[in-house]
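Below, each chain spelled out in residue letters.
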Amino acid sequence: MDTHTTSAKVLLNHATTLNLHTGNLVNRSRLKKKCPSSHSEEIQDCVRATLSEWFATIPPPTSPTDLPDTIDCSIPQATEAITPEEREELKVSVKLFICEADLSSIKDAVDKACQALAVSQLDSVIIAPPALPEEVSQTLDNLQPAWSELEGLVQSHKIATIGTSDLDKELLEQLYNWAQVKPSSNQVNLASCCVMPPDLTAFAKEFDIQLLTHNDPKELITAASFQEAVQESTQDLKVADWRLEWILRYSIIVKSRGIIKAKGYLVHAKRSSL
């Protein structure tokens, strides 16, 4: 086992928090050559490749006291910060997948995205709450705590607009009537309907809510797939106690040309036990 792999194991075995930034996937040649069959496969490939590249660059810790509790894993040459001069020309859009019901993670994710991309505000954030069991329906009570967190971030100018995903007309109307900051968009899953429901379309048009489509699975990546990606990056590492808290997917679009300048993922995971 080489010293980099040994260092990786020592670091991960000690750490309690992992922050991972894939960098700009538009420019990462190693990942561009692959064409993942799903979003789940894409994020797994990204985690595996980013960890592997990062571990290959880290020096061995000089002593046990040097070991950090939090690992910030990113590839500097693959990360493109936005300069103040170009900020007006770009739209930064985010979809935030909450894996656990810890609402503090929403502000944490937004802060980390702003820091990683060198911006003071995200133009739009769409929230995807934790997946519910098949027999449980989404309700306004479930949505309200997360939406209140997002409203606070709009009021503090960290986010310009906020949106939802997979709400039917009834639930979107309930949220709209309750919310202080109204949803600007609602994503509809292409797998669940190939034609927009007429009642949803009519409501969205009346209240100026943009209807978007997506093909994300209910669970962007399973715990097992995430642990597998981490394990493959370091030989024989015990990863069963690592759990995902949130995944943030961003895209940076050149407004005037409608092209994607950058896209990537931020991933936040913690160890559930030591």
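Residues numbered from 1 in each chain as written. Predicted model: local features only at pLDDT ≥ 70, side-chain atom pairs only at ≥ 80, totals over all residues. Heavy atoms only, no water.

An unreviewed UniProt entry lists the chain under the name Glutamate--cysteine ligase regulatory subunit, with Oncorhynchus kisutch as the source organism. As recorded by UniProt, the Sequence similarities (unreviewed entry) comment attached to the chain reads in full: "Belongs to the aldo/keto reductase family. Glutamate--cysteine ligase light chain subfamily." (UniProt positions renumbered as here; feature names shortened; annotations may be inferred.)

What should I look at first to understand the side chain of H214 in this one?
With respect to the element layout, H214 can be found in strand β7 (residues 210-214). Looking at H214, the relative accessible area reads 8%, which means it is buried. Within the local environment of H214, its side chain forms a polar contact with the side chain of D166, the two groups lying 2.9 Å apart. In this view, H214 contacts K95, D166, Q187, V188, N189 and L190; residues no more than four positions away in its chain are not counted. (Helix = DSSP H or I, 4+ residues; strand = E, 2+ residues; numbered from the N terminus. Buried < 20%, exposed > 50% of the residue type's maximum accessible area, 1.4 Å probe, protein only. Polar contact = N/O pair within 3.5 Å; in protein donor to acceptor, adjacent residues only side chain to side chain. Contact = heavy atoms within 4.5 Å.)

Before we go on, may I ask you to explain the nonpolar core in this structure?
In summary, soluble globular proteins display a tendency toward joint burial of nonpolar side chains. If you look at the biggest cluster of nonpolar residues, it comprises 44 residues, and the most contacted ones within it are L96, I106, L122, L150, I159, L248 and I252. Looking at this core, the element that brings in the most residues is helix α5 (residues 140-155), giving 7 residues. With residues near it in sequence (within four places) discarded, L150 still touches I106, V125, I127, I159 and I162. Core analysis: the next-biggest nonpolar cluster, separate from the first, contains 33 residues, L18, I71, F97 and Y265 among them. (Core = buried A, V, L, I, M, F, W, Y, C linked by side-chain atoms within 4.5 Å.)

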